[in-house]
Amino acid sequence: MSRLLFAAIAAAAMMAANSPLRAEAGESAPPDQIDYAMFPMADVRDSPECRVAWAEGRVTFGEGITNPSMSCPDAFAWSLFVRAVGQKFWEDWSTDRQVWPSDPWPRCRPGLPADRCCPAVEVSNQASPEHCPVYPGPTAGVPAHQVRTPVTAHRMSLDQAADVLQKSKAGWADVPAVLKAPVIGALQEELVYRNEPMVDYVYDNELYHTEGLIRVFDSYVAMLGTYAPRHAAAPDPAASHPAPPPLARIDFPVASVMVKANWLAVDKAAQVGIDPNDARAPYIMMDLVSRPQPGDAAAPTAKPYILLSMHVSSKDVPNWTWSTFEHVNNQGRCDFTGCNDSFGYLTTESEAPAGGLGPSASNFIGPNKKLNVDDAEVDAFDLAKPYPDSTRISPALASLFSEASIGTGQGINRTGRPDLSDAAWRSYRLKGTQTDFVTSTGVPTRLGNSVTEAGFVNTASCMTCHSRATVNRQGVPAFAIFTDQMSDAGLGQSVNGAPNPAWFSVNAFFGRNGQRESPHVLAVQTDFVWGFRFACPMEPRPLGPAWCKNLTTKGYSSPVPTRPMP
């Protein structure tokens, strides 16, 4: 458990002793320590003023709502889900590999050879472009996307996990509950998809290669040394420019949306207790190209995968909005932090009024737990178990699905190509949303799902993690995903809460006489987008993803280089 959770539990013991409300009701047990610890995460996030409807092909949120991403974050998350599915993100949006080519050429402009420059974003199904960014868009067919190793999830083999208990065999039942998520994390693979405004922005500003990122870092440092306290005027991020404009800060267009999807090969599902043929709650299925394995004689080919979970984020606010969805059958999907959805599916039964209160809200599923373990008056999480599902879809979400023709079909689509009408779209549940680093009382907010953040859900914060998406003066990532803090299972943890200014710059001299480090910029943010870690250099350089053509070393895939401490 995190320090935050321990502190909340300690406070809970004092609160429980003085709380008469549940006791007076006499119909259920009073809140326990875990219940109190969950209280900051169980808030109802959508305003009662939210009035969601479908009008003229778009989602509306009510006359009084001027910023739905903040006032109605759960409903807004579902509207992003509907928008991304409606635009067929899995085949019409660009993956990271399509945005950042392996041997990039500069944008075409006077003086450059026409046969060695990029005149525009290429519209095609090329899944692994060599020179110029690609956007599939209206191209017929489906790109042959190749899945990649997850960037964030902890990965542990089935044999390693079973060996912890010194089991002679490696069955799913032999894996300790706390390690089941990392085992699934080892088997699942991911793809990140970005919509057209994101791809156009990366191309327009020539941010699809390392040299473009170095230019941004250098411009930021020059701006600081020349204009401070003023900033450089920013170009319109939604406009196209005849040449890359001066850019001292990466700032995507407001219309930007990205989806991180976690896929599991059907032939691996049974190993971790997943039934890919569940007709009651079907999975989205898609044919994807698997990663090559050591010793493979032939190139990998496409095979069926099922969609386990996905993050959906948009730039509707400067620090982006964050939401995550999980398949309803995911084991442990509400572990540690619970599941919170005040719009899409009614997650719990409302409790009767008590102690002068109105009825309780029905937005939150608390984590599974064991009370009074071994009669020791100790409460604990009960991990990696399924969670009850309410099939009570809200009328508003049902209307959005119907109007957008999403999930209107029956059965399981086994064609290898998802469709809007697939009934499986109704098998996914919103786990939570995030619009700020902390609550109004200063409690760090957290958001993560059991697959993408396998092994560190209890400390995961999408917003804080992505605030560390940066480049240094070499145009490569400045930070790794994990910190040096470990979970009780020995797994590295992430950061949460407000970002630390010391991550990005040294703003004072260390020491007096023999000062160690003078004020300077350490890292420049890339607008919460980790994808820039996949940029390749145009000229020979030592660092970049393993697929880059111009590396002087073997490159990196994971983990990213970290800055040595001064």
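Small disclaimer: the values here were computed from a predicted structure and weren't measured. (Residues numbered from 1 in each chain as written. Predicted model: local features only at pLDDT ≥ 70, side-chain atom pairs only at ≥ 80, totals over all residues. Heavy atoms only, no water.)

## Considering the state of the cysteines
What makes a disulfide is a covalent bond joining the sulfur atoms belonging to two cysteines.
And then number 1: As enumerated under the stated definition, the model contains five disulfides in all.
And then number 2: Two residues, cysteine 334 and cysteine 339, share a disulfide whose sulfurs are 2.0 Å apart. Taking the torsion about the S-S bond as the criterion, the cysteine 334 to cysteine 339 disulfide, at about -105 degrees, is left-handed.
And then number 3: In the protein, the bonded cysteines, numbered by position in the sequence, are linked as 1-2, 3-4, 5-6, 7-8, 9-10.
And then number 4: Free cysteine: cysteine 462, not disulfide-bonded; nearest cysteine sulfur from cysteine 465 at 7.6 Å.
And then number 5: Using a relative accessible area of 7% as the deciding quantity, one classes cysteine 462 as buried. (Disulfide = S-S within 2.5 Å. Buried < 20%, exposed > 50% of the residue type's maximum accessible area, 1.4 Å probe, protein only.)

## Here's the deal with the confidence of the model for the protein
And then number 1: Across the protein, pLDDT averages 88, with 89% of residues at or above 70.
And then number 2: Under a pLDDT of 50 for its full length, residues 1-26 has, in the predicted model, 34 contacts with residues more than four places off or in other chains.
And then number 3: The low-confidence segment residues 558-566, where pLDDT is below 50, has 19 contacts with residues more than four positions distant or belonging to other chains. (pLDDT = per-residue confidence, 0-100. Contact = heavy atoms within 4.5 Å.)

## So, the packing of aromatic side chains
And then number 1: Counted according to the given criterion, the structure contains 26 aromatic pairs.
And then number 2: Note on tryptophan 78 and phenylalanine 401: the rings are 6.0 Å apart at their centroids and 70 degrees apart in plane angle, and the pair reads as edge-to-face. Placement of the pair is tryptophan 78 in helix 5 (residues 73-86) and phenylalanine 401 in helix 13 (residues 395-403), with a sequence separation of 323 residues.
And then number 3: Residue classification places tryptophan 78 among the buried positions, given a relative accessible area of 0%.
And then number 4: You can call phenylalanine 401 buried: its relative accessible area is 0%.
And then number 5: A connected cluster of aromatic rings, assembled from ring pairs, spans Trp78, Phe81, Phe89, Trp90, Trp93, Tyr193, Phe325, Tyr345, Phe401, Trp425 and Tyr428. (Phe/Tyr/Trp six-rings, centres within 6.5 Å; stacked < 30°, edge-to-face > 60°. Helix = DSSP H or I, 4+ residues; strand = E, 2+ residues; numbered from the N terminus.)

## Side note on empty space enclosed by the protein
And then number 1: This model, assessed by the stated rule, comprises seven cavities of 30 Å³ or more.
And then number 2: The calculated volume of the largest cavity comes to roughly 170 Å³.
And then number 3: Forming the boundary of the largest cavity are 17 residues, of which Val192, Arg194, Lys260, His466 and Trp530 lie nearest the centre.
And then number 4: Contributing elements (two or more residues each) for the lining of the largest cavity: strand 4 (189-194), strand 5 (257-265) and strand 7 (302-314).
And then number 5: Sort the elements by how many residues they give to the lining of the largest cavity and strand 5 lands first, with three residues.
And then number 6: Of the residues belonging to the lining of the largest cavity, the class tally is seven nonpolar, five polar and five charged. (1 Å grid on protein atoms, 1.4 Å probe; cavity = no way out; pocket = protein on both sides within 12 Å on 5 of 7 lines; lining within 4 Å. Points joined across faces, edges and corners; volume = space filled by probe spheres on them. Nonpolar A, V, L, I, M, F, W, Y, C, P; charged D, E, K, R; others polar.)

## Details of the pattern of salt bridges
And then number 1: With the rule as written, the count across this model stands at 20 salt bridges.
And then number 2: Among the ionic pairs, aspartate 43 bridges to arginine 45, the shortest N-O distance being 3.1 Å.
And then number 3: For arginine 429, the salt bridge identified is with aspartate 389, shortest N-O distance 3.0 Å. Of this pair, arginine 429 sits in strand 13 (residues 428-434) while aspartate 389 sits in the loop between strand 12 (380-381) and helix 13, and the two are 40 residues apart along the sequence.
And then number 4: Overlapping salt bridges bring together Asp96, Arg148, Glu190 and Arg194 as one network. (Salt bridge = Lys/Arg side-chain N within 4 Å of Asp/Glu carboxyl O.)

## Focus on the environment of alanine 173
And then number 1: Here alanine 173 shows up in the loop between helix 8 (158-163) and helix 9 (177-187).
And then number 2: Taking the relative accessible area as the measure of exposure, alanine 173 reaches 75% and is therefore exposed.
And then number 3: Between the alpha carbons of alanine 173 and glycine 273 there is a distance of 8.8 Å; along the sequence they are 100 residues apart.

## Focus: the nonpolar core
And then number 1: Membership of the largest hydrophobic core comes to 104 residues, with the highest contact counts inside it found for Phe89 and Trp263.
And then number 2: Broken down by element, this core gets its largest block of residues, nine residues, from helix 5.
And then number 3: The contacts of phenylalanine 89, once residues within four sequence positions are left out, are Ala84, Tyr193, Val259, Met310 and Trp425.
And then number 4: Ile34, Met41, Phe381 and Ala384 belong to the second largest nonpolar core, which has eight residues in total. (Core = buried A, V, L, I, M, F, W, Y, C linked by side-chain atoms within 4.5 Å.)

## Structural notes on the environment of glutamate 49
And then number 1: With respect to the element layout, glutamate 49 can be found in the loop between helix 3 (33-38) and strand 1 (53-55).
And then number 2: For glutamate 49 and cysteine 72, which are 23 residues apart along the polypeptide, the C-alpha to C-alpha distance reads 8.6 Å.
And then number 3: When sequence neighbours within four positions are dropped, the list of residues in contact with glutamate 49 reads Phe61 and Ile65.

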